[in-house]
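# Fold and contact review
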Amino acid sequence: MADIAVIALDMDGTLLSSDHQVTEKTANAIQQARKKGIEVILVTGRHHMMAYPVHHQLALDTPLICANGAYVFDTKSQQITSGASLSDRQWQQLIPLIESLQLDAICHFSDGIGHQPENEHVARVKKLVHALPSNQRPHFIEHESIAALCHTHTPLWKIELSHATTSAIDEFIAALPSELAITYDRTAPNGLEIVNRGNSKGNRLAEWVTHRGLTLEQVIAFGDNHNDISMFQQVGLGVAMGNAAAEIRQQAHFVTGTNDNDGIAAALQRWVL
């Protein structure tokens, strides 16, 4: 295997512990790697406004790969520099199906996170970010109508769907028109994330790595969910967290400890430091 030049980190369930923190041991291992000249990049399903506080905490100088690879956010210029959003035609076909099954929807726009009132996931997130400094708090955009949100806020990078039952998500997937040209990941039994076809963490990471003049053989990538498999399939060393489901662990080259047990630090000690 080539010498590691890039560490790619999923956030939730991977870099972050169950209480949404980066442990001291993990943070120290990341900083040791950076002192060796290794670049560290966050590759997340999160909106950039939700990822930025952790990027800031770790004092990273790389961009953020966000929304399951839908776009790249440059933290220096505070601009989205590349990506492929969902088209009007795509979301206009998705919304009637979302509404008919009464799914909760969260929309990732460039200027904020759109949602309908009484979305339980958003309510939990708002509690989490309340303690952040005002300049690090995400901008939430609430409206009764998802269609109205999508008409007034563009581009639309990702739609997150959830429901109290897994069967409603199953029904939604079964009803999706094949010609829509979307990619979706089942990140939870009762949750689904939708982006434009061709977008994935792995593809966007590959684009960034090759633009840096590096090869994917020089990358170690950490993840715990279905949306991380695209990274495992392309990098030199894909590492699944011990808390990942069995089908995710089987897709990785190596399995480390859990996100609550400094799994990243242990793997970096073995392969990088």
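Residues numbered from 1 in each chain as written. Predicted model: local features only at pLDDT ≥ 70, side-chain atom pairs only at ≥ 80, totals over all residues. Heavy atoms only, no water.

Moving on, we get to helix α4 (residues 120-129). Those residues of α4 lying buried are Val122, Val125 and Val129. Taken around the axis of α4, the buried residues stretch over an arc of 60 degrees, which confines them to a single face. With respect to the buried face of α4, the exposed residues turned more than 90 degrees away are Glu120 and Lys127. Of the residues that open α4, the one with a side-chain oxygen 3.0 Å from the backbone nitrogen of His121 is Asn119. (Buried < 20%, exposed > 50% of the residue type's maximum accessible area, 1.4 Å probe, protein only. Helix = DSSP H or I, 4+ residues; strand = E, 2+ residues; numbered from the N terminus. Arc of directions from axis to C-beta. Polar contact = N/O pair within 3.5 Å; in protein donor to acceptor, adjacent residues only side chain to side chain.)

Here we come to empty space enclosed by the protein. Per the counting criterion, the structure on display carries one cavity of 30 Å³ or more. Each pocket or cavity is described by its volume, and for the largest cavity that value is around 30 Å³. Every residue along the wall of the largest cavity is listed here: Thr14, Leu15, Ser17, Gln21, Thr23, Thr26, Asn259, Asp262, Gly263 and Ile264. (1 Å grid on protein atoms, 1.4 Å probe; cavity = no way out; pocket = protein on both sides within 12 Å on 5 of 7 lines; lining within 4 Å. Points joined across faces, edges and corners; volume = space filled by probe spheres on them.)

What follows deals with the sheet that holds strand β8 (residues 140-142). One open sheet accounts for six strands, arranged β8-β7-β6-β9-β11-β10; its pairing is mixed. On the outer flanks of this sheet lie β8 and β10 (182-188), each paired with one strand and no other. Between one strand axis and the next, the sheet turns through 20 degrees on average, direction left out of account. Sheet topology places strand β6 (residues 104-109) next to strand β9 (residues 156-162); six bridges connect them, and they run antiparallel. Looking at the pairing, Phe109 lines up with Leu156 of β9. Against the sheet, helix α3 (residues 88-100) contacts β6, β9, β10 and β11 (191-196), and its axis sits at roughly 15 degrees relative to β9. Sitting on the sheet, α4 is in contact with β6, β7 (112-115), β8 and β9, with an inclination near 145 degrees to β8. (Pairing = 2+ DSSP bridges. Axes fitted to C-alpha atoms, helices over the stretch in contact; angles between N-to-C directions. Contact = heavy atoms within 4.5 Å.)

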